[in-house]
Amino acid sequence: EEDVFEYKKSLAIRTSGFDVPRPVKTFEDCGFSSQLMAAIKKQDYQKPTPIQCAALPIVLSGRDIIGIAKTGSGKTAAFVLPMIVHIMDQPELQKEEGPIGVICAPTRELAYQIYLESKKFAKSHGIRVCAVYGGMSKLDQFKELKAGCEIVVATPGRLIDMLKMKALTMQRATYLILDEADRMFDLGFEPQIRSIVGQIRPDRQTLLFSATMPRKVEKLAREILSDPIRVTVGEVG
Ligand code: ADP
Ligand code: MG
């Protein structure tokens, strides 16, 4: 049951899974708040990229997703924009503590880029973002996490360290993103990823993005995602 949408000549969006929401053509089709639309306009994002066209309606509907698209295709906003919506939808944001959105990335550079992209959209909503990765003082990161945040962007090893130090709790986490999953596996982070996933409630929404899908990543996806929709963006033919 594969569907193919031709985004433009030579570029196709392939989706598989059941009840796949139709791709959007514009950001206006996403039902974003005027506040979020203003933040998108401020970035000068005129229209969604192909992976965003397919992924936004899927993720906004609450479904799990496996997103496969090459570097530079706009995957970050595809998970950050629905994450802002997900967080703003939570009743009584202040009652519990710990991040709602948890993003794992393979390297500190990538984690930092995602941190910056998240901040662009989170700031105007009063949503706090923390970045957690190696090479920074553990004590400083501990203090920052203790001050509280709704989004944490982390490399897996350092996030495990912070969880062990009880710098944060995962009690409120309901939106988990594994970005560049193939690279995280290449770097040997599979045990850390499994440990992090095991600490987040099973009824969470889980998003997995990867440039390639080696068998080991496929196996993890089958184990930790619920009825995922797979989206692949690539050349026609
Ligand atoms: P990926 O994670 O797929 O490698 P990124 O999310 O880092 O790609 O996005 C690549 C670049 O495209 C970034 O500079 C980002 O700001 C920009 N970008 C993302 N979405 C859009 C859009 N809809 N319109 C224009 N530029 C965009
Ligand atoms: Mg990326």
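Residues numbered from 1 in each chain as written. Chains lettered and ligands numbered in written order. Predicted model: local features only at pLDDT ≥ 70, side-chain atom pairs only at ≥ 80, totals over all residues.

A. Spotlight on the sheet that holds strand β5 (residues 129-132). Here we have 9 strands laid out as an open sheet, ordered β1-β2-β9-β3-β8-β7-β4-β6-β5, and mixed in their pairing. Two strands lie at the open edges of the sheet, namely β1 (2-8) and β5, each paired on one side alone. In this sheet, neighbouring strand axes are inclined to one another by 15° on average, regardless of whether the strands run parallel or antiparallel. (Pairing = 2+ DSSP bridges. Helix = DSSP H or I, 4+ residues; strand = E, 2+ residues; numbered from the N terminus. Axes fitted to C-alpha atoms, helices over the stretch in contact; angles between N-to-C directions.)

B. Local environment of the pairing of strand β9 (residues 229-235). Where strand β2 (residues 11-16) lies against β9, 6 bridges are found, and the strand directions are antiparallel. Within the sheet, the bridge partner assigned to Ile13 lies in β9 and is Val233. In the sheet, strand β3 (residues 65-68) pairs with β9 via 4 bridges, with the strands oriented parallel. Looking at the pairing, Ile68 lines up with Thr232 of β9.

C. Broad picture of helix α2 (residues 50-60). Burial within α2 is extensive, with 10 of its 11 residues counted as buried. When we look at burial in α2, the residues that qualify are Pro50, Ile51, Gln52, Cys53, Ala54, Ala55, Leu56, Pro57, Ile58 and Val59. Looking at the packing, one finds that the buried side of α2 touches β1, β2, β3, α3 (75-88), β8 (205-210) and β9. Immediately downstream of α2, the backbone of Gly62 shows phi near 95°, a positive value. (Buried ≥ 20, exposed ≤ 12 C-beta atoms within 10 Å, placed from the backbone. Contact = placed C-beta atoms within 7 Å.)

D. Examining the packing of α2 against α3 more closely. Across the interface, α2 lies against α3 with an axial gap of 9 Å and an inter-helix angle of 25°. Judged on the interaxial angle alone, α3 and α2 are roughly parallel. Crossing of α2 against α3: the hand is right-handed. Where α2 approaches α3, its residues Ile51, Gln52, Ala55, Leu56, Val59 and Leu60 are matched on the opposing element by Lys75, Ala77, Ala78, Phe79, Leu81, Pro82 and Val85. (Parallel < 35°, antiparallel > 145°, perpendicular 65-115°, else oblique. Left-handed = near helix turned anticlockwise from the far one by under 90°.)

E. Structural detail: the packing of α3 against helix α4 (residues 108-122). Remark: α3 packs on α4, axes separated minimally by 10 Å, with the N-to-C direction vectors making an angle of 40°. As the angle between them shows, α3 and α4 are arranged oblique. Crossing of α3 against α4: the hand is right-handed. Contacts between α3 and α4 involve Thr76, Ala77, Val80, Leu81 and Ile84 from the former and Ile114, Glu117, Ser118, Phe121 and Ala122 from the latter. Taken together, the residues that form the contact of α3 with α4 break down as 7 nonpolar, 2 polar and 1 charged. (Nonpolar A, V, L, I, M, F, W, Y, C, P; charged D, E, K, R; others polar.)

F. Molecular detail of the site of ligand 1. The environment of ligand 1 is formed by Tyr45, Pro48, Thr49, Gln52, Ala69, Thr71, Gly72, Ser73, Gly74, Lys75, Thr76 and Ala77. In terms of residues, the shell around ligand 1 owes the most to one element, α3, which gives 3 residues. (Near = placed C-beta within 6 Å.)

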